[in-house]
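Here's the letter readout for the chains.
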Amino acid sequence: MTMDGPNHASPSADAKSIAPPLLSVRELIKDFASSGVFALAGSNPIRAVAGVSFDVLSGETLGLVGESGCGKSTLTRCILRLLTPTSGSVSLGGVDLAGLDAEAMRNQRKHLQVVFQDPYASLHPRMRIGDIIAEPLRLLNLSRRASDDRVKELVDLVKLNREHLERFPHELSGGQRQRVGIARALSVNPKMVLLDEPVSALDVSIQAGILNLLMDLQERLGHSYLFVAHNLSTVRHISNRVAVMYLGKIMEIAPRDQLFGAPRHPYTAALLSAVPVADPKVERRRQRIVLSGEIPSPAAPPSGCRFRTRCWKAKEVCSTTEPELRSDGASTFACHFPQAS
Amino acid sequence: MSDILLDVRGLDIAFFGMAGQRSVRDVSLTIARGETVSIVGESGSGKSVSMRAIMGLLPDSAYVSGSAKFLGQELIGASTATLRSLTGSRIAMIFQDPLTALNPLLSIGDQISEAIRIHNRDVSRREARERALQLLRDVAIPFPEKRLDQYPHEFSGGMRQRVVIAIAIANKPDLIIADEPTTALDVTVQAEVLDLLRRLCRQNGTGLALITHDLGVVAGMAERVYVMYAGSIVEAALVDDIFERPAHPYTRGLLRSLPKMKDQAKRLEDIGGTPPTAASLPTGCAFHPRCSFATDVCRKETPRLNSYGRSIAACHLGGSLPAFEKEIETA
């Protein structure tokens with residue numbers, strides 16, 4: 001496999017409905033036993049991901065946003081099989097990853113790669129950059145020569161210098177390190193790349209370069225991204241569609257402009273209204289939707305709608321009946337009293 | 001702006017072993033009573049170090065020179081006793097991480113009471129506790145009576161930062177220095193904490209020095225802005241001017257590199273390269289290797305701060321830069 005191989009075409013809007021999804025997550029649940037010295041026998045497990053379903057199409061970027069504790073990291077770890085889901089399925093190109101043993105999963109890893117948040121922690125400090133990028137290539141059983149050529153190709157691709165190959169991670173800046181992380185992820189030509197907060201540890205002036213690189217690479221190579229982040233303006237910039245998570249569930253999933261332009265779920269609306277905008281005139285005029293209270297504990301989620309304890313629209317029915325995800329044609333959302341479209 | 005709270009002049013900071021390389025060079029800034037001033041910059045730009053130096057919080061390996069006067073009283077080189085009498089009473093600090101700012105072994109009530117009693121010996125324990133309770137109400141913590149006897153680990157991140165703010169305002173300080181107070185918080189919580197901070201400062205007439213890297217936070221909070229790059233102030237301006245007519249190419253680059261919440265998303269303009277460290281400072285203007293306008297003079301001579309309209313900026317080309325085209329956001 002080389003970079004110059006045939007590219008997947010980027011999906012056009014009308015192709016989306018026809019093509020089968022690349023990644024398909026169905027009813028994914030992940031419980032953590034509340035364990036440890038102080039755990040009571042029979043106490044509730046913590047349900048970090050509480051039945052999540054979504055698709056990622058070939059060549060698209062799905063943004064996944066939510067506040068800390070909403071389960072987005074647990075979800076990505078379950079997809080990567082760094083954690084074993086309690087139930088539900090994750091299928092990639094038609095293969096159900098959740099049912100695979102370690103050996104079979106290892107074979108699938110070349111299709112599914114990840115770029116982590118912290119470029120300081122995710123690179124081995126005592127390995128040279130060249131070796132770090134070459135490590136996943138062992139999955140492909142390449143010759144030494146082919147592997148070396150591939151590493152050089154990758155370094156050019158992420159716009160690092162070839163002299164960086166001989167260096168160690170501590171000799172590189174944060175942005176350069178993140179480029180190494182991206183090169184390592186792309187080395188095996190994955191179909192799907194999970195980006196777990198890939199720019200949030202970087203300075204503003206460096207973030208833009210990494211976002212541009214990620215988008216350029218996708219255009220050239222045609223892989224899909226699941227872009228997990230808490231920064232909404234970054235997510236808006238890179239995503240085709242966006243999913244909003246709250247307390248282990250998806251509250252709303254919609255095409256980018258739909259979600260940012262006309263959010264249907266009150267939580268999405270509140271989240272958008274909280275984002276500070278870099279324009280003092282806008283900031284002075286704006287009316288924020290201020291949420292009361294805190295995210296409840298996933299060990300004891302509220303009855304009915306999970307968001308109702310902080311929602312200004314909540315009525316009786318919200319505490320008794322959990323709203324199902326439903327579609328209005330443009331957005332899919334789980335709310336009894338959605339915002340006007 | 002008559003009533004100057006904090007007047008910093010020519011602040012220089014070097015660290016032991018850095019061979020004369022200064023981490024902060026010639027920083028001058030003022031904060032007036034009741035004013036919110038933002039100090040913006042990327043990591044390593046010297047924004048936190050400058051403020052810590054003023055508060056006497058740097059380790060002994062730091063050499064600090066220059067002047068920082070708080071209501072006329074010199075802070076640089078002041079005795080520990082002087083600084084102690086000021087910090088927590090007239091000047092308060094709020095740090096980024098509320099968990100490390102609080103003592104895990106003391107209840108919230110005890111920590112707030114301590115802050116009150118350490119500066120007012122004649123306040124009784126009971127009185128201090130009453131005032132702590134009122135402070136928890138002021139920072140809108142639900143069930144304050146119950147919360148008073150709880151410990152930091154029982155609070156969420158946003159609630160902890162509210163407690164830190166309660167401690168900061170306990171003695172009605174003239175100035176609060178907030179170092180990235182909401183960076184560790186989620187957006188909805190950040191919005192609440194910023195609203196709270198804004199309201200309290202306005203209510204008490206407190207000056208606020210807000211250190212941040214988030215230009216959205218700056219736009220919503222500040223009246224004036226100082227932009228720092230590689231240890232120096234490169235631009236100082238009113239908040240509207242910073243966003244509408246940034247005078248320094250670095251400020252422009254920062255604004256252009258932000259993804260927008262409105263507008264059609266297009267390719268971001270990144271500032272190439274990386275910020276220099278104190279040890280690898282380029283000659284001339286520290287920003288010239290990353291500046292698309294740089295000329296020979298930028299490579300040779302360090303620019304001084306000059307006035308451009310109402311702003312000041314340290315750029316050789318300040319007057320001759322093309323007009324900044326602002327991409328208008330509407331909310």
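Residues numbered from 1 in each chain as written. Chains lettered and ligands numbered in written order. Predicted model: local features only at pLDDT ≥ 70, side-chain atom pairs only at ≥ 80, totals over all residues. Heavy atoms only, no water.

Would you mind going over the overall build of chain B with me for this structure?
A tally of regular secondary structure across chain B gives twelve helices and twelve strands. Expected size for 331 residues packed as a compact globule is a radius of gyration near 20 Å; at 21 Å, chain B falls within 12% of this value. Classification of the 331 residues of chain B by burial places 54% in the buried group. Considering only intrachain contacts with a sequence separation of at least 6, the fraction spanning at least 24 residues in chain B is 64%. Counting only carbon and sulfur atoms, one obtains 50% of the accessible surface of chain B, whose full area is about 14700 Å². Each charge sign in chain B was given a centre, from 38 positive and 38 negative side chains, and these centres are 1 Å apart. (Helix = DSSP H or I, 4+ residues; strand = E, 2+ residues; numbered from the N terminus. Rg over C-alpha atoms; globule rule 2.2 N^0.38 Å. Buried < 20%, exposed > 50% of the residue type's maximum accessible area, 1.4 Å probe, protein only. Contact = heavy atoms within 4.5 Å. Areas by Shrake-Rupley, 256 points an atom, 1.4 Å probe, with all protein chains shown as cover. Lys, Arg positive; Asp, Glu negative; His and termini not counted. Charge placed at Lys NZ, Arg CZ, Asp CG, Glu CD.)

Whenever I open this one, the nonpolar core confuses me. Can you help?
General note: in soluble globular proteins, nonpolar side chains tend to be found buried as a group. In this structure, A:Ile133, A:Val180, A:Ile182, A:Leu217, A:Leu232, A:Tyr267 and A:Phe307 are the most contacted members of the largest nonpolar core, which totals 63 residues. Sort the elements by how many residues they give to this core and helix α6 (residues 204-221) of chain A lands first, with eight residues. In contact with A:Leu232, not counting residues within four places along its chain, are A:Val65, A:Phe260, A:Leu271, A:Leu272, A:Val275, B:Val187 and B:Met261. Residues B:Ile112, B:Ile176, B:Leu194 and B:Leu210 belong to the second largest nonpolar core, which totals 38 residues. (Core = buried A, V, L, I, M, F, W, Y, C linked by side-chain atoms within 4.5 Å.)

Help me understand the sheet that holds strand β2 (residues 46-56) of chain A in this model?
Residues and elements named next belong to chain A. Strand order across the open sheet formed by four strands is β2-β1-β4-β5, with antiparallel pairing between neighbours. Edge positions in the open sheet fall to β2 and β5 (95-96), since each of these has one partner strand only. Contacts between helix α1 (residues 72-79) and the sheet are confined to β1 (23-32), β2 and β4 (87-92), with β1 contributing the most and set at about 115° to the helix. (Pairing = 2+ DSSP bridges. Axes fitted to C-alpha atoms, helices over the stretch in contact; angles between N-to-C directions.)

What's the story with the domain arrangement of chain A in this structure? I'm lost.
The figure often quoted for interface size is the accessible area lost as the parts come together. Residues and elements named next belong to chain A. Along its sequence, chain A is carved into domain 1 (23-33 + 44-239) and domain 2 (262-341). Taking only C-alpha atoms, the centre of domain 1 and the centre of domain 2 are 29 Å apart. Counting from both sides, the interface comprises nine residues of domain 1 and, opposite them, nine residues of domain 2. Summed over both sides, the interface of domain 1 with domain 2 buries roughly 790 Å², with 65% coming from carbon and sulfur. (Domains from an automatic or database assignment. Buried area = accessible area lost by both parts, 1.4 Å probe.)

What's the story with the domain arrangement of chain B in this structure? I'm lost.
Residue and element names in this part refer to chain B. You can read the domains of chain B as domain 1 (4-227) and domain 2 (248-320). On the domain 2 side, the residues contacting the eight residues of domain 1 number ten residues. At the boundary of domain 1 with domain 2, total buried surface from both sides reaches about 850 Å², with 66% on carbon and sulfur atoms. Looking only at domain 1, the three residues that lose the most surface to domain 2 are Glu42, Leu215 and Val227, adding up to 53% of its buried area. Where domain 1 touches domain 2, the interface holds zero salt bridges. The element best represented in the side of domain 1 that touches domain 2 is strand β2 (residues 22-32), accounting for three residues. (Salt bridge = Lys/Arg side-chain N within 4 Å of Asp/Glu carboxyl O.)

How should the packing of helix α7 (residues 157-169) of chain B against helix α8 (residues 187-204) of chain B be read in this particular structure?
Working note: a packed helix pair is described by the angle between its axes plus the distance between those axes. Residues and elements named next belong to chain B. For the pair α7 and α8, interaxial distance at closest approach is 10 Å and the crossing angle is 15°. Judged on the interaxial angle alone, α8 and α7 are roughly parallel. Handedness of the crossing formed by α7 with α8: right-handed. For the pair formed by α7 and α8, the contact residues are Gly158, Gln161, Arg162, Ile165 and Ile169 on the first element and Val189, Glu192, Val193, Leu196, Leu197 and Leu200 on the second. (Parallel < 35°, antiparallel > 145°, perpendicular 65-115°, else oblique. Left-handed = near helix turned anticlockwise from the far one by under 90°.)

Is there a simple way to think about the confidence of the model for chain A in this case?
It should be kept in mind that the predicted coordinates are not to be read in detail where pLDDT is low. Residues and elements named next belong to chain A. In the predicted model, chain A carries a mean pLDDT of 89, and 92% of its residues have values of at least 70. Ranking the elements of chain A by mean pLDDT puts helix α10 (residues 280-285) last, at 89, and strand β10 (residues 249-255) first, at 97. Low pLDDT, under 50, characterises residues 1-16; the predicted model gives this stretch 23 contacts beyond four residues in sequence or across chains. (pLDDT = per-residue confidence, 0-100.)

When you look at the sheet that holds strand β1 (residues 4-15) of chain B in this model, what are you seeing that I'm missing?
What holds strands together in a sheet is hydrogen bonding between their backbones, with the strands either parallel or antiparallel. Residues and elements named next belong to chain B. The antiparallel open sheet is built from four strands, whose spatial order is β2-β1-β4-β5. Since the sheet does not close on itself, it has two edges, and those belong to β2 and β5 (73-74), each with one partner. Taken together, the two bridges between strand β4 (residues 62-70) and β5 define a ladder with antiparallel strand orientation. Residue pairing for β5: Lys69 is matched across the bridge by Glu74.

Explain the pattern of salt bridges to me, please; I cannot follow it from the model alone.
Side-chain pairing between opposite charges can occur once the charged atoms of the two side chains come close. Residues and elements named next belong to chain A. For the structure shown, the criterion picks out 35 salt bridges over all chains. The partner of Glu322 in a salt bridge is Arg306, with the nearest N and O atoms 3.8 Å apart. Of the two residues, Glu322 sits in the loop between α11 (316-320) and β11 (326-327) while Arg306 sits in the loop between α10 and α11, which places them 16 residues apart along the sequence. For Glu322, a relative accessible area of 33% corresponds to the partly exposed category. By relative accessible area, which is 10% here, Arg306 ends up buried.

Could you clarify how one ought to interpret the confidence of the model for chain B in this entry?
Within chain B, residue pLDDT values average 90, and 95% of them lie at 70 or more. Taken element by element, the predicted model of chain B shows its lowest mean pLDDT in helix α3 (residues 98-101) of chain B (85) and its highest in strand β3 (residues 36-40) of chain B (97).

What is the right way to read helix α5 (residues 174-186) of chain A from this model?
Structurally, the α-helix is built with 3.6 residues per turn, so residues lying three or four positions apart point the same way. Residue and element names in this part refer to chain A. Over its 13 residues, α5 runs 19 Å from end to end, which matches the ideal 18 Å to within 8%, given 1.5 Å per residue. Counted residue by residue, α5 has twelve buried out of 13 residues, so it is predominantly covered. Inspection of α5 places Gly174, Gly175, Arg177, Gln178, Arg179, Val180, Gly181, Ile182, Ala183, Arg184, Ala185 and Leu186 among the buried residues, and these make up the whole buried set. Each element contacted by the buried residues of α5 is listed here: β6 (112-115), α3 (129-134), α4 (144-157), β7 (192-196) and α6. (Expected span 1.5 Å × (residues − 1).)

Sorry if this is basic, but what is going on with the packing of α5(A) against α6(A) here?
Residues and elements named next belong to chain A. Running from N to C, α5 and α6 cross one another at 20°; their axes reach a closest spacing of 10 Å. In terms of orientation, α5 and α6 fall into the roughly parallel class. Every pair of crossing elements has a handedness; the one defined by α5 and α6 is right-handed. Seen from α5, the contacting residues are Gly175, Gln178, Arg179, Ile182 and Leu186; seen from α6, they are Ile206, Gly209, Ile210, Leu213, Leu214, Leu217 and Leu221.

Help me out: how do you make sense of the layout of surface pockets in this one?
Left-over empty space is what a probe sized like a water molecule reveals as it rolls over the atoms. Residue and element names in this part refer to chain B. What the second largest pocket holds in volume is close to 840 Å³. Lining the second largest pocket are 28 residues; nearest its centre among them are Thr87, Gly88, Met93, His119 and Ile167. If you list the elements that add at least two residues to the lining of the second largest pocket, you get α2 (80-86), β6 (91-94), α3, α4 (108-119) and α7. Residue contributions to the lining of the second largest pocket peak at five residues, all from α4. Of the residues that constitute the lining of the second largest pocket, the class distribution is 16 nonpolar, ten polar and two charged. (1 Å grid on protein atoms, 1.4 Å probe; cavity = no way out; pocket = protein on both sides within 12 Å on 5 of 7 lines; lining within 4 Å. Points joined across faces, edges and corners; volume = space filled by probe spheres on them. Nonpolar A, V, L, I, M, F, W, Y, C, P; charged D, E, K, R; others polar.)

How do you make sense of the packing of aromatic side chains when you look at a structure like this?
Each aromatic ring pair is described using two quantities: the centre-to-centre distance and the angle formed by the ring planes. If you walk through the whole model with that rule in mind, you get six aromatic pairs over all chains. For the ring pair B:Tyr229 and B:Tyr250, a centre distance of 4.5 Å and an interplane angle of 50° mean the geometry is tilted. Taken together, the residues span a long stretch of sequence, with B:Tyr229 in strand β9 (residues 224-229) and B:Tyr250 in helix α11 (residues 249-256) at a distance of 21 residues. In terms of burial, B:Tyr229 and B:Tyr250 fall into one category: buried. The structure contains a cluster of three or more aromatic residues connected by ring pairs, namely A:Tyr246, A:Tyr267 and A:Phe307. Here A:Lys30 stacks its cationic end above the ring of A:Phe32, 5.3 Å away from the centre of that ring. Cation over ring: A:Lys315 sits above A:Phe337, and NZ or CZ is 4.4 Å from the ring centre. (Phe/Tyr/Trp six-rings, centres within 6.5 Å; stacked < 30°, edge-to-face > 60°. Lys NZ or Arg CZ within 6 Å of the ring centre and 35° of its normal.)

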